[in-house]
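Okay, here's what each chain looks like letter by letter:
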Amino acid sequence: QVQLVESGGGLVQAGGSLRLSCAASGRTFSSYDMAWFRQAPGKERDFVAAISWTARSTSYADSVKGRFTISLNNARNTVHLQMNSLKPEDTTIYYCAADLGLERVPITENKYNYWGQGTQVTVSS
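Structure report, in brief. For every chain, the first residue of its written sequence is number 1, and the numbers climb from 1 along that sequence. Residues qualify for local features only when their pLDDT is at least 70, as the model is predicted, and side-chain atom pairs are given and counted only at 80 or more; totals for whole chains, interfaces and linings, by contrast, use all residues. With hydrogens and water set aside, each side-chain value is computed from the structure's full complement of heavy atoms.

**Re the state of the cysteines**
Short version of the rule: In plain terms, two cysteine sulfur atoms within 2.5 Å form what is called a disulfide here. The helix and strand labels rest on DSSP assignments: H or I over at least four residues marks a helix, E over at least two residues marks a strand, and numbering proceeds from the N terminus. When a residue's accessible area, from a 1.4 Å probe over protein chains only, is under 20% of the maximum for its type it is buried; when over 50% it is exposed; and in between it is partly exposed.
A full pass over the atoms with the stated rule returns one disulfide. Linked covalently through their sulfurs, C22 and C96 form a disulfide whose S-S length is 2.1 Å. In this structure the cystine formed by C22 and C96 twists about its S-S bond by roughly -80 degrees; its chirality is therefore left-handed. Taken as a pair, C22 in strand β3 (residues 18-26) and C96 in strand β9 (residues 92-100) lie far apart in primary sequence, 74 residues in all. Taking the relative accessible area as the measure of exposure, C22 reaches 0% and is therefore buried.

This is how it looks when you write it as structure tokens:
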């Protein structure tokens, strides 16, 4: 089984920055394609950003392009989401997702079998 543990959420003023992290562990496989999604109460889970296990490929939602950056650590088992120029509409719960490292950057949640517990991001105006 794969465990994903997120950290880094919190409260920030509009225009500020936060950095989310998600550490993957487990014995299922050693490399992961990873992604971030976000979901507001009562709404569907939306794609934010994805990165392949080699970090050669990335993908971003239009709403975060130029503001958010997804990256992997050297061990390729922790994904970060650097969020700059945050807006109140970025307020929601952010979820880390992962699956077998196949050098893909899928943007649909059904392509990921492993999920973190979520971390709250709140941007005040």
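**Regarding the environment of N73**
For the record, the criterion: In this analysis, two residues are considered to be in contact whenever any of their non-hydrogen atoms come within 4.5 Å of each other. Nitrogen and oxygen atoms within 3.5 Å of one another constitute a polar contact, given that in protein one can donate a hydrogen and the other can accept it, and given that sequence-neighbouring residues count only through two side-chain atoms.
Checked against the element boundaries, N73 lands in the loop between β7 (68-72) and β8 (78-83). Along the backbone, N73 and A23 are 50 residues apart, and their C-alpha atoms lie at a distance of 9.6 Å. If sequence neighbours within four positions are ignored, N73 has contacts with T78 and H80. One polar contact links N73 to N77, side chain to side chain, over a distance of 2.9 Å.

**Let's talk about the nonpolar core**
Among soluble globular proteins, nonpolar side chains are generally buried collectively. Worth spelling out the cut-off: By convention a nonpolar core is built from buried Ala, Val, Leu, Ile, Met, Phe, Trp, Tyr and Cys residues, the set being connected through side-chain atoms within 4.5 Å.
Counting residues in each nonpolar core, the largest one holds 34 residues, and the members touching the most others are L4, M34, W36, V79, L81, M83 and Y94. Elements with a minimum of two residues in this core: β1 (2-7), β3, β4 (32-39), β5 (45-51), β7, β8, β9 and β11 (119-124). If near-sequence neighbours (up to four positions away) are discounted, V79 is found in contact with L20, S21, C22, M34, W36, I51, I70, S71, L72 and C96.

**A closer look at the packing of aromatic side chains**
To be explicit about the condition: Any pair of Phe, Tyr and Trp rings, taking the six-membered ring for Trp, is counted once the centres come within 6.5 Å. Such a pair is stacked with planes under 30 degrees apart, edge-to-face with planes over 60 apart, and tilted for the rest.
Scanning the entire structure with this criterion turns up four aromatic pairs. Measuring from ring centre to ring centre gives 5.7 Å for F37 and F47, while their planes differ by 75 degrees; the resulting arrangement is edge-to-face. Highlighted residues: F37 in strand β4 and F47 in strand β5, separated in sequence by 10 residues. F37 gets classed as buried once you look at its relative accessible area, which sits at 1%. Since its relative accessible area comes to 14%, F47 is described here as buried. Both rings, one in Y112 and one in W115, keep their centres 6.4 Å apart while their planes meet at 75 degrees; by these two values the pair is edge-to-face.

**So, the pairing of β5**
The condition that has to hold: Here the rule is simple: two strands pair whenever DSSP picks up at least two bridges between them.
Within β5, five of the seven residues are buried, which leaves it mostly tucked inside the rest of the structure. Of the pairings in the sheet, the one linking β4 to β5 comprises six bridges and is antiparallel in character. Counterpart to M34 in the pairing with β5 is I51. A loop of five residues connects β4 with β5, the two strands running antiparallel in sequence, and G42 in this loop sits at a positive phi of about 80 degrees. Sheet topology places β5 next to strand β6 (residues 58-60); three bridges connect them, and they run antiparallel. Bridge pairing in β6 places A50 opposite S59. Following β5, the chain reverses through six residues before pairing antiparallel with β6; A55 in that reversal takes a positive phi of roughly 70 degrees.

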